[in-house]
Amino acid sequence: MAQARTQAPAGRYGRSADERADHKLKIIGAVLGAAAVIGLGYYGFHTIADQSVSGQVVSYEQVTPSEVQIHLEVNKGKSTTGSCTVRALDTDHNEVGRKTVRYDQHTTQIDQIITLRTTAKSTAAELVGCSDS
C-alpha cells in the first residue's frame, strides 16, 4: 500500500512561514549589529577627540620622606591651555599629596619634573587627570 504524503512537494509553494521569519530575524539582527558598531565607534571617537590635553607619569622618585618628584609628560594642542593633577599615595593607597599644574605654553608636548610635598612617605605617584581650560 502506498503511503500518503503529508507535506507539499519541495519548492512548489515557496518558502515556509518559518523560513520567512528566520530571514527577517537575520536582517533585523544585521541592522541592529551595524547600528551598535556605528554607535560605539561614534562614542569612542568623540571621547578620545574631545580630550585635547592628556598626560602620563613617566617616572617618580622619593626625594625625602615628605617630598616626591614626578616626571610628567603632557600632550596638548599648540594653542590649548590646560592643567593636570597628580597625586602621591602611601602603602595603603591613601592620598598623601596632590598638586594641579597649569600649562599655558604654546607647544604640543611638555616634559616637566613636578616637586610634590607629601604628608607621609609615598610609595606611588599617579596622574589623576588633565583638562583643558
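(A) Seen up close, the environment of Leu89. Summarising the element assignment, Leu89 is placed in strand 3 (residues 82–89). For the pair Leu89 and Thr118, spaced 29 residues apart in the sequence, the C-alpha separation amounts to 8.9 Å. Ignoring anything within four residues of it in the chain, the contact list for Leu89 reads Asn94, Glu95, Val96, Ser122, Thr123, Ala124 and Glu126.

(B) Main features of the nonpolar core. Among the nonpolar cores identified, the biggest contains 16 residues, and Ile70, Leu72, Val74, Cys84, Tyr103 and Ile114 are the most heavily contacted of them. For this core, the secondary structure elements donating two or more residues are strand 2 (67–76), strand 3, strand 4 (95–103), strand 5 (109–117) and strand 6 (124–132). With four residues, strand 2 is the single largest residue contributor to this core. With near-sequence residues (within four places) excluded, Ile70 lies in contact with Val57, Ser59, Tyr60, Val86, Gln112, Ile113, Ile114, Leu116 and Ala125.

(C) Examining the pattern of salt bridges more closely. Summed over the entire model, instances satisfying the criterion amount to five salt bridges. The salt bridge involving Arg98 is made with Glu95; its shortest N-O contact spans 2.9 Å. Residue class for Arg98 comes out partly exposed when judged on its relative accessible area of 44%. The exposure class of Glu95 is partly exposed, given its relative accessible area of 37%. For Arg102, the salt bridge is made with Asp104, and the minimal N-O distance between the two is 3.5 Å. The class for Asp104 is partly exposed, based on a relative accessible area of 43%. Through salt bridges with shared partners, one network takes in Arg87, Glu95, Arg98 and Glu126.

(D) Expanded view of the side chain of Lys76. Structurally, the position occupied by Lys76 is in strand 2. Despite its burial, Lys76 pairs with no opposite charge; the closest candidate is Asp104, at 7.5 Å N-O. For Lys76, the side chain forms a polar contact with the main-chain oxygen of Thr80, separated by 2.8 Å. Polar contacts involving the side chain of Lys76 include one to the main-chain carbonyl oxygen of Gln105, which spans 2.6 Å. Filtering out sequence-adjacent residues up to four positions away, Lys76 remains in contact with Ser52, Val53, Tyr103, Gln105, Thr107, Thr108 and Ile110.

(E) Molecular detail of the sheet that holds strand 5. Taken together, three strands build an open sheet; the order of strands is 1-2-5 and the sheet is antiparallel. Two strands close off the open sheet at either side, each with one partner strand: strand 1 (53–64) and strand 5. Direction aside, the axes of adjacent strands within the sheet are offset by 20° on average. Across ten bridges, the pairing between strand 1 and strand 2 is antiparallel. Looking at strand 2, one finds that Gln56 is bridged to Glu73.

(F) View of the state of the cysteines. The tally for this structure, following the rule as stated, stands at one disulfide. Bridging Cys84 to Cys130, the disulfide has an S-S length of 2.0 Å. Between Cys84 and Cys130, the S-S torsion sits near 110°, and that sign places the bridge as right-handed. Of the two residues, Cys84 sits in strand 3 while Cys130 sits in strand 6, which places them 46 residues apart along the sequence. Here Cys84 and Cys130 have matching classes, each one buried.

The rules we used
Residues numbered from 1 in each chain as written. Predicted model: local features only at pLDDT ≥ 70, side-chain atom pairs only at ≥ 80, totals over all residues. Heavy atoms only, no water. Helix = DSSP H or I, 4+ residues; strand = E, 2+ residues; numbered from the N terminus. Contact = heavy atoms within 4.5 Å. Core = buried A, V, L, I, M, F, W, Y, C linked by side-chain atoms within 4.5 Å. Buried < 20%, exposed > 50% of the residue type's maximum accessible area, 1.4 Å probe, protein only. Salt bridge = Lys/Arg side-chain N within 4 Å of Asp/Glu carboxyl O. Lys, Arg positive; Asp, Glu negative; His and termini not counted. Polar contact = N/O pair within 3.5 Å; in protein donor to acceptor, adjacent residues only side chain to side chain. Pairing = 2+ DSSP bridges. Axes fitted to C-alpha atoms, helices over the stretch in contact; angles between N-to-C directions. Disulfide = S-S within 2.5 Å.

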